[in-house]
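# Coordinates in review
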Amino acid sequence: MKKLSPLFLILILIISVLFSLFFKVDDIHFFQILIINLRLPRTLLCIITGSVLALCGSTFQMFFRNSLAEPGIMGITSGATLGAVITAISGITGTYLLSVLNAGAFLGALLSGIIISTLSLKKESISSIYLLLFGTALGTLYSALTSILLSANSSKIQSMYYWMLGSFSGRGWNELYFILLPALLSIILQLSCISRLDLMTCGETTADSLGINVNRLRIIVLIAGSLGTSAAVCAGGTIGFVGLIAPHITRRLFSPKARILLPVSMLTGSILVLISDTIARYAIYPAELPVGTITAIMGVPFFISLLSRGKK
């Protein structure tokens, strides 16, 4: 199959951005207010969220050599949700609830990543597959605790339900400023591992024999993944499958090499989230769907096809 040029994705991204910004702009008198204060920060949040989720998914899949690895499988997303729920039921209300909710989600994701990283640091001989299983188990625990807390505080279920499905509704410049630094740090750390990740596809033993410090690389990958996922959850809540879908699309259409896979996956992830957010906004206009439901509708068939292809 002939590989495509990344320029094709750049063109699709530009078209997606234009649709996100200018679709259904009817009143020219409110054009500047609508675009600058409402749509532009939301569009930028979609781009950053899609980029970091796809990048984290690509990095995890290459490091763990598992085509189903993505930020959620390490328990980081579930940890962010638990942190947000704890914040939501803490009694803090009013106009500051949103920013505090973001802080809770950020800390929850970061602490989840620290737990996994600490385990990796203390037990340097632990294999990546066991670390992957441990992260999955922690994610299940976080989800169970989240369910318990919401069941005990039923008044919060409605407000948290929409957030847990993922949404950029009401997000603006404050959220963008909040996530910008951790998102950039995550991107820089992961892109700095490109050459080492290519060697990891040959296995940990081979990579170690070629001079790669596997344990150090594991820590960098986990910390960068935690930062990126926490920023994405703060930006748009729990948005699934982007970190799974984008790397596979990029791998099949462009290249499996890390130097192409990682940056081009960022473009693919941005496009997926932008398109999903635009559909979510106008599918049942004037109401709005959670963007996480759109990514799930796209992601579940893709996930099943991966499993079927793997079985064959």
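The present account deals with the structure reproduced in this document. (Residues numbered from 1 in each chain as written. Predicted model: local features only at pLDDT ≥ 70, side-chain atom pairs only at ≥ 80, totals over all residues. Heavy atoms only, no water.)

Looking now at the overall build of the chain. Within the chain, the regular secondary structure consists of 13 helices and 0 strands. Put simply, of all contacts in the chain between residues at least 6 apart along the chain, 78% involve residues at least 24 apart. (Helix = DSSP H or I, 4+ residues; strand = E, 2+ residues; numbered from the N terminus. Contact = heavy atoms within 4.5 Å.)

By the secondary structure assignment, Ser265 is in helix 12 (residues 258-282). Overall, the relative accessible area of 0% leaves Ser265 in the buried class. Here the side chain of Ser265 touches Thr250 through a polar contact of 3.4 Å, side chain to side chain. Sequence-distant contacts of Ser265, that is, excluding residues within four places in its chain, are made with Ala54, Ser58, Ala246, Pro247, Thr250 and Ile260. (Buried < 20%, exposed > 50% of the residue type's maximum accessible area, 1.4 Å probe, protein only. Polar contact = N/O pair within 3.5 Å; in protein donor to acceptor, adjacent residues only side chain to side chain.)

Let us look at the packing of aromatic side chains. Per the counting criterion, the structure on display carries 5 aromatic pairs. Taking the centre distance of 5.7 Å and the plane angle of 40 degrees together, the rings of Tyr282 and Tyr285 count as tilted. For Tyr282, a relative accessible area of 15% corresponds to the buried category. Members of the aromatic cluster, joined through ring pairs, are Phe60, Phe63 and Phe64. (Phe/Tyr/Trp six-rings, centres within 6.5 Å; stacked < 30°, edge-to-face > 60°.)

Counting across every chain of the model gives 3 salt bridges. Ionic pairing is found between Glu288 and Arg42, a salt bridge with its closest N-O pair at 2.6 Å. Highlighted residues: Glu288 in the loop between helix 12 and helix 13 (291-311) and Arg42 in helix 2 (residues 31-64), separated in sequence by 246 residues. Under the relative-accessibility criterion, Glu288 is labelled partly exposed at 21%. Classification of Arg42 by relative accessible area gives buried; the value is 8%. Residues joined in a network through salt bridges with shared partners are Arg42, Asp277, Arg281 and Glu288. (Salt bridge = Lys/Arg side-chain N within 4 Å of Asp/Glu carboxyl O.)

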